[in-house]
Amino acid sequence: MELKEEDLLKRNVKGISEKLKKTRVCILGLGGLGSNVAVLLARAGIGYLKLADFDMVEASNLNRQQYRISHIGMKKTEAIKSIIREINPFVETDILDIKVDRENIYSIVGDIEIVVEAFDRAETKAMLMEELLTNTNKIVVSASGMAGLGSANEIVTKKIKDNFYLVGDNYSDYEEYLGIMSTRVMICAAHQANVVLRLILGEEKFKKVIQ
């Protein structure tokens, strides 16, 4: 049986496939947030994903990230590319096995307008904000505050400024709660992916807080 792209996407909202197909998104970090955002956007029918991470899959990643036991020891970039290929082979993926820093962030992002920030470390998040929100016209979709087992209803998306959206519960962090679970991580990732889709499709008429 020949697989057709329209068959994969026939349950999507009608009339959006062409617009999504033409869109390019960059995801920086392929851990709990980034791996899940990448899969969600692939399922939605995004046309192109640029995916950057320098890490390898470890057993401890499997409690919240998209990887499988068979991926342990693989580069996250290669593993997520293989996962996306099995879900939607019509998505073009460009993977970069690289640690993002001030010196290379512009060359990595290039001319892609929408950037998903999915880093683990607070200092790397801060670096990205300083570089992309002050020196470019990029739109950044970020997340923090997803640790512990608090209510899912505490996690919201906030429009901080015209080109910056932040997902989270505004208080939890890994150090405070000493653990992070798949449920709240995936909720945050779904918020991020949903913001990206709304931005692409012109639904970005957000209030300060987006439920």
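Residues numbered from 1 in each chain as written. Predicted model: local features only at pLDDT ≥ 70, side-chain atom pairs only at ≥ 80, totals over all residues. Heavy atoms only, no water.

### Observations concerning the overall build of the protein chain
The line we're drawing: In DSSP terms, a helix is any run of H or I states spanning at least four residues, a strand is any run of E spanning at least two, and both are numbered starting from the N terminus. Both definitions apply: the radius of gyration is a C-alpha atom measure, and the globule rule equals 2.2 Å times residues to the power 0.38. The classification of residues rests on relative accessible area computed with a 1.4 Å probe and restricted to protein chains. Under 20% of the type maximum is buried, over 50% is exposed, and intermediate values are partly exposed. We call two residues contacting when some pair of their heavy atoms lies within 4.5 Å. Each accessible area value is a Shrake-Rupley result obtained with a 1.4 Å probe; residue values ignore everything except the protein chains displayed when judging cover.
A count of helices and strands for the protein chain gives eight helices and eight strands. Taken over C-alpha atoms, the radius of gyration comes to 16 Å for the protein chain, in line with the 17 Å a tight globule of 211 residues would show. Across the 211 residues in the protein chain, those meeting the buried criterion constitute 51%. Counting only contacts in the protein chain whose residues sit at least 6 apart along the sequence, the fraction spanning at least 24 positions is 69%. A total of about 10,900 Å² of accessible surface is found on the protein chain, and carbon and sulfur atoms cover 52% of it.

### Let's talk about helix H6 (residues 122–135)
So the rule is basically this: What a helix is expected to span follows from its residue count: subtract one and scale by 1.5 Å.
For H6, with 14 residues, the first-to-last C-alpha span of 20 Å sits near the 20 Å given by 1.5 Å per residue. Listing the buried residues of H6 in full gives Thr124, Lys125, Met127, Leu128, Met129, Glu131, Leu132 and Leu133.

### Let's talk about the layout of surface pockets
To keep it simple, the criterion reads: Put plainly, a pocket is an open set of points on a 1 Å grid over the protein atoms alone with protein on both sides within 12 Å along at least five of seven lines, a cavity is a set where a 1.4 Å probe fits but cannot get out, and a lining residue has an atom within 4 Å of a point. Grid points are joined across faces, edges and corners, and a volume is the space filled by probe spheres set on the points. Gly is put with the polar residues, along with every residue not named as nonpolar or charged; the nonpolar set is Ala, Val, Leu, Ile, Met, Phe, Trp, Tyr, Cys and Pro, and the charged set is Asp, Glu, Lys and Arg.
If you add up the space inside the second largest pocket, you get close to 340 Å³. Counting residues per element, the ones that place at least two in the lining of the second largest pocket are strand E2 (48–53) and H6. Tallying contributions element by element places H6 first for the lining of the second largest pocket, with three residues. Residues of the lining of the second largest pocket, tallied by class, amount to eight nonpolar, three polar and eight charged.

### Some words on the pairing of strand E5 (residues 139–143)
Where we set the bar: By the convention used here, strands pair only if DSSP detects at least 2 bridges between them. Note on handedness: a clockwise path from strand one over the helix to strand two, with the strands aimed away from the viewer, defines a right-handed crossover.
The buried fraction of E5 amounts to five of the five residues, a majority that puts the element mostly inside the structure. Alternating residues of E5 divide into Ile139, Val141 and Ala143 and Val140 and Ser142, and every residue in both groups is buried. Pairing between strand E4 (residues 114–117) and E5: three bridges, direction parallel. Bridge pairing links valine 115 to valine 140 in E5. Following the chain from E4 across H6 to the adjacent parallel E5, one finds a crossover that is right-handed. In this structure, E5 lies alongside strand E7 (residues 164–168), joined through four bridges in parallel fashion. Counted as the bridge partner of valine 141 is tyrosine 165 from E7.

### Focus on the pairing of strand E6 (residues 156–161)
Pairing analysis gives five bridges linking E6 to E7, with the strands arranged antiparallel. What sits directly across from lysine 159, in E7, is tyrosine 165. Counting the residues that bridge the hairpin from E6 to E7 gives two residues.

### A look at helix H8 (residues 182–200)
Since the α-helix advances by 3.6 residues per turn, residues separated by three or four positions end up pointing in the same direction. The end-to-end C-alpha distance of H8, which contains 19 residues, comes to 27 Å, matching closely the 27 Å that a straight helix rising 1.5 Å per residue would cover. Listed in full, the buried residues belonging to H8 are Arg184, Val185, Cys188, Ala189, His191, Gln192, Ala193, Val195, Val196, Leu197, Leu199 and Ile200.

### Considerations on the environment of leucine 40
Here leucine 40 shows up in helix H3 (residues 32–44). Since its relative accessible area comes to 34%, leucine 40 is described here as partly exposed. When the C-alpha positions of leucine 40 and alanine 193 are compared, they lie 6.5 Å apart, and in sequence the two are 153 residues distant. With residues up to four places along the chain from it excluded, the contact list for leucine 40 reads Ala189, Ala190 and Ala193.

### Considerations on the nonpolar core
Convention followed: Take the buried residues of types Ala, Val, Leu, Ile, Met, Phe, Trp, Tyr and Cys, join any two whose side-chain atoms come within 4.5 Å, and each joined set is a nonpolar core.
Counting 44 residues, the largest nonpolar core has Val25, Ile27, Leu41, Leu49, Leu51 and Ile80 as the members making the most contacts within it. Contributing elements (two or more residues each) for this core: strand E1 (24–28), H3, E2, helix H4 (76–87), E4, E5, E7 and H8. Broken down by element, the residue count for this core peaks at nine residues, all from H8. With residues up to four places along the chain from it excluded, the contact list for isoleucine 80 reads Leu30, Ser35, Ala38, Val39, Leu51, Gln66 and Tyr67. If you look at the next biggest cluster of nonpolar residues, it comprises 18 residues, including Ile105, Ile112, Val115 and Leu132.

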